[in-house]
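Structural characterization, general
Residues per chain are reported as follows:
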Amino acid sequence: MKLKQQHKIALLHRKYIQTLKREKRWVRFYQAVIFILFFAVWELASRHSWIDPLIFSSPSKVWNLFVAKLYDGSLLAEAGYTLFETVAGFILGTLFGTVLAAILWWSPLLSKILDPYLVVLNSMPKVALGPILIVAVGPNVGSIIMMGMIISVIITAIVVYTSFKEVDPNYLKVLETFGATKTQKFAEAILPASFPAIISTLKVNVGLSWVGVIVGEFLVSSRGLGYLIIYGFQVFNFTLVLMSLFVIAIFATLMYQLVEYMEKRLIKHR
Amino acid sequence: MVFLKLENIHHTYFTKKSATTALAGVTLEIGEGEFVSFLGPSGCGKTTLLSIIAGLIQPTEGAAFLEGVPVHKMKNQIGYMLQQDYLFPWKTIEENILIGLKLTKTLTAASRQNALRLLGQMGLSGFESSYPHELSGGMRQRAALVRTLATEPKLLLLDEPFSALDQQTKLRLENLVHSTLKSFGKTAILVTHDIGEAIAMSDRIFLLSPRPGTIYRSFTIPATLKTLSPFAARNHPDFQAVFQQIWKELDEIEAAT
């Protein structure tokens with residue numbers, strides 16, 4: 001009787017797993033359909049001039065340009081340049097944002113004083129600072145990295161500081177009963193408890209840093225994928241614009257995946 | 001000899017809109033090795049009193065002395081256990097129980113050994129490298145007790161440490177905590193709103209009345225109950241009598257406020 005019951009449960013479980021698998025297959029299938037359909041319609045529309053091929057180009061043209069640029073090595077150089085700036089801006093933005101959050105946590109008085117300024121800085125469109133930055137720092141890698149950083153630093157500070165403040169005060173009480181100093185409280189409770197929040201700002205910052213760096217390259221206009229876009233726009237080569245966009249999409253996705261992987265590693269015990 | 005002395009403690013919390021007096025004129029003395037309970041309805045300032053004794057907050061008036069020294073000048077002589085375990089979820093059990101030693105910079109091979117032995121006594125050997133979420137509520141509270149005892153505090157403050165546990169785990173843990181503390185000869189103060197728990201565990205009970213919190217009465221538990229383990233005490237014929245007496249007093253407090 002008991003054996004029969006167990007057998008029945010095992011059978012039901014297998015059925016359940018199969019349903020899950022089937023659902024996953026269908027999801028993948030429709031994702032592939034959308035992908036293929038999008039490019040097919042684009043290609044067709046472009047060839048039959050349903051859309052202006054000069055503006056919207058076509059997948060085959062973008063692909064051919066991509067391959068050609070890959071072979072002559074220019075694409076890798078430009079993409080590598082942009083990627084470096086983005087990663088640097090992203091890391092610096094997160095780092096300085098977290099440090100700023102730590103300072104605010106350290107001094108409640110300072111955080112009260114700075115509060116309105118943070119609000120203003122946060123709501124201001126940071127890319128508008130671009131021209132000033134370029135004149136101040138010079139039209140080089142430095143100012144572009146600054147753009148990538150500045151766009152994410154304030155929002156990082158605000159989000160991380162909020163999470164610092166929301167750490168359960170009882171964890172701090174535990175540490176205080178052992179006579180913990182402020183530094184010890186920060187290192188043992190505040191920072192590790194806020195890792196999930198920091199990681200989730202990382203996810204936002206990936207996107208923000210790309211915006212900052214691309215706009216920076218628009219303005220400096222000497223190298224990188226942002227330059228290719230602005231150059232393509234000026235000479236009316238939209239195949240070049242779309243190809244650059246395509247490369248950016250791939251890199252941004254990869255960076256996001258990397259952050260997600262880090263998230264899984266770092267916060268597996270919660 | 002007086003071990004812990006509270007002298008005319010007043011405490012008032014200030015907010016923008018109000019000043020709430022949590023404690024008014026609390027004076028008491030506790031001897032070394034004694035187990036006492038603060039019993040009272042919510043809002044009687046039990047946790048505030050405990051925080052003052054722990055030196056975490058300064059009373060607006062009065063002072064607390066441990067062996068004649070003001071408590072806020074003492075370091076690491078007082079252990080505090082909270083309502084929940086508050087083990088750090090990102091640390092292993094071993095890292096959790098050693099945190100006090102690490103913070104007070106007294107982590108040596110010997111003190112580490114001592115903490116791990118204590119963990120074994122609590123029936124948690126083999127869980128050193130587990131994470132808190134892998135343990136049951138009772139096991140976690142036992143680990144929290146090891147964390148508190150690892151720094152060898154002279155005085156232990158227990159702030160409703162069993163209130164978040166199920167009845168069975170709670171009764172077991174009462175016995176374990178009681179026997180552990182008695183065997184080390186530790187002085188302990190238990191805050192609770194559970195009359196039975198207070199009678200079963202303590203030598204003396206202070207009844208607190210609320211708004212503002214002050215000591216309403218104190219009871220000495222009869223020797224017949226004192227010597228028994230909490231679980232045995234709950235089943236002793238004298239238990240009910242004490243329970244009734246405290247129950248009546250609590251009713252009077254409620255009627256008076």
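In this report, the structure presented in the accompanying data block is examined. These numbers come from a predicted model, not from an experiment.

Strands pair in a sheet through their backbones, by hydrogen bonds, and they do so in one of two ways: parallel or antiparallel. Residue and element names in this part refer to chain B. Taken in spatial order, the six strands make up an open sheet running β6-β7-β8-β3-β9-β10, and their pairing is mixed. Each having just a single partner strand, β6 (78–81) and β10 (214–220) make up the two edges of the open sheet. Averaged over all pairs of adjacent strands, the angle between their axes in this sheet comes to 20°, without regard to strand direction. For strand β3 (residues 35–39) and strand β8 (residues 187–192), the ladder comprises five bridges, and the chain directions are parallel. Its bridge partner lying in β8, V36 is registered against I189. Helix α5 (residues 167–184) contacts β3, β7 (155–159) and β8 of the sheet and is inclined by roughly 165° relative to β7.

Residues and elements named next belong to chain B. If you walk through the whole model with that rule in mind, you get 10 salt bridges over all chains. Two residues, E34 and R204, come together in a salt bridge whose shortest N-O distance is 2.7 Å. Taken together, the residues span a long stretch of sequence, with E34 in the loop between β2 (19–31) and β3 and R204 in strand β9 (residues 204–209) at a distance of 170 residues. Relative accessible area serves as the criterion here: at 17%, R204 is assigned to the buried category. With its nearest N and O atoms 3.1 Å apart, the salt bridge here joins D85 to R140. Taken together, the positions of D85 in the loop between β6 and α2 (93–103) and R140 in helix α4 (residues 137–150) put the pair 55 residues apart, joining distant regions of the chain. Taking the relative accessible area as the measure of exposure, D85 reaches 12% and is therefore buried.

So, about the pairing of β10(B). Residue and element names in this part refer to chain B. Relative to β10, β9 runs antiparallel, the two sharing six bridges. Within β10, the residue paired with I205 across the bridge is F219. Adjacent in sequence and paired antiparallel, β9 and β10 are bridged by four residues, among which R211 carries a positive phi angle near 45°.

Criteria and cut-off values
Residues numbered from 1 in each chain as written. Chains lettered and ligands numbered in written order. Predicted model: local features only at pLDDT ≥ 70, side-chain atom pairs only at ≥ 80, totals over all residues. Heavy atoms only, no water. Pairing = 2+ DSSP bridges. Helix = DSSP H or I, 4+ residues; strand = E, 2+ residues; numbered from the N terminus. Axes fitted to C-alpha atoms, helices over the stretch in contact; angles between N-to-C directions. Contact = heavy atoms within 4.5 Å. Salt bridge = Lys/Arg side-chain N within 4 Å of Asp/Glu carboxyl O. Buried < 20%, exposed > 50% of the residue type's maximum accessible area, 1.4 Å probe, protein only.

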